Amino acid sequence: MHKKGTAAPAWPYWILALYTLTALVWLAGSESLLTHWTEDAAQVARWKDWQGYVSIILNAMMGGWLLQRLLRSEAVRRAALERRAMRQRQEDERQRLAATVVDNTIEGVMVTDANSKILSVNAAFTRVLGYTEQELLGETPRLFKSGRHGQPFYEAMWDSLQRSGHWQGEIWNRRKNGEVFPERMSLSAVYDSAARVTHYVCMFTDITAEKAQQKRLEYLARKAPLTGLDNRAWLVRGLQDAL
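Residues numbered from 1 in each chain as written. Predicted model: local features only at pLDDT ≥ 70, side-chain atom pairs only at ≥ 80, totals over all residues. Heavy atoms only, no water.

Trainee: Quick one: what's the story with the packing of aromatic side chains, residue by residue and with numbers?
Mentor: Applying the stated rule across the entire model yields six aromatic pairs. A ring pair is formed by Phe-153 and Trp-167, whose centres lie 6.1 Å apart and whose planes are at 85°; its orientation type is edge-to-face. One end of the pair, Phe-153, is in helix H5 (residues 151–164); the other, Trp-167, is in strand S3 (residues 166–174), and 14 residues separate them in sequence. Residue classification places Phe-153 among the partly exposed positions, given a relative accessible area of 24%. Every member of this aromatic cluster is reached through a ring pair, and the members are Phe-125, Tyr-131, Phe-144 and Phe-204. Sitting over the ring of Trp-172, Arg-148 keeps its end group 3.9 Å from the ring centre. (Phe/Tyr/Trp six-rings, centres within 6.5 Å; stacked < 30°, edge-to-face > 60°. Helix = DSSP H or I, 4+ residues; strand = E, 2+ residues; numbered from the N terminus. Buried < 20%, exposed > 50% of the residue type's maximum accessible area, 1.4 Å probe, protein only. Lys NZ or Arg CZ within 6 Å of the ring centre and 35° of its normal.)

Pasting the structure below:
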């Protein structure tokens, strides 16, 4: 029985060779034996008739066997091609769906190679950062550095990425127009079968509005919205701390 997904085994050509040799021996040897066995013309004719019948039967059997092998081989080949085509269609569909999800997500997505060279970004990424994809291809994420983080911050980020394959946190980056803004970012490493890093995937969300709301709430917790002066609760808390 053939394993699923494999081609049909090679035909046993030795059977064809054996059949051909047997047929030649039959034709040549039977004629010689018949000549030594009898000189009766009628018997010779009958023997040749039987010889012909046997040859027809053997040829029919061999032809049927060859036809069966041919049909079986063709069926196995077609089945293998159909399975391969189906797997390819499924893989193409998965890739198409994945690309659709990435292109339509509200999060910015960036993919780099193992050397941090940008390979692709989605529409949300270009919308938030202000660059086109063509402007970013081949660049590195250093292009977005805001200047608000020191070297220890980036060293800790890459140390986590190398140890666990993942980093998540808040970071300030710079848009194309020079505006600095906060992001909530997730970085992940992609590995091959040999556990070597092949790509990095970055996903982020612009949290500018969230930070503004947080700052507004902190302001309202301390100031009266109409006068801008410290509110009563804040004054009471200050006095309690002073006492």
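Structure's up, so let's keep going.
Trainee: Go over the pattern of salt bridges with me, naming the residues and quoting the values.
Mentor: Scanning the entire structure with this criterion turns up 10 salt bridges. Taking the shortest distance from any N to any O, the salt bridge between Glu-74 and Arg-77 comes out at 2.7 Å. Taken together, the positions of Glu-74 and Arg-77, both in helix H2 (residues 41–104) and three residues apart, correspond to about one turn of that helix. Between Asp-192 and Arg-196 there is a salt bridge, with its nearest N and O atoms 3.1 Å apart. (Salt bridge = Lys/Arg side-chain N within 4 Å of Asp/Glu carboxyl O.)

Trainee: Give me the lowdown on the sheet that holds strand S1 (residues 108–113), citing residues and values where you can.
Mentor: Spatially, five strands are ordered S2-S1-S5-S4-S3 in an open sheet, and the strand pairing comes out antiparallel. Of all strands in the sheet, those bounded by a partner on one side alone are strand S2 (118–121) and S3. Ignoring which end each strand starts from, the neighbouring axes of this sheet average 25° apart. With nine bridges connecting them, strand S4 (residues 180–191) and strand S5 (residues 197–206) associate as antiparallel partners. Across the sheet, Glu-183 pairs through a bridge with Asp-206, a residue of S5. Where H5 meets the sheet, it contacts S3, S4 and S5, and its direction lies at approximately 150° from that of S3. (Pairing = 2+ DSSP bridges. Axes fitted to C-alpha atoms, helices over the stretch in contact; angles between N-to-C directions. Contact = heavy atoms within 4.5 Å.)

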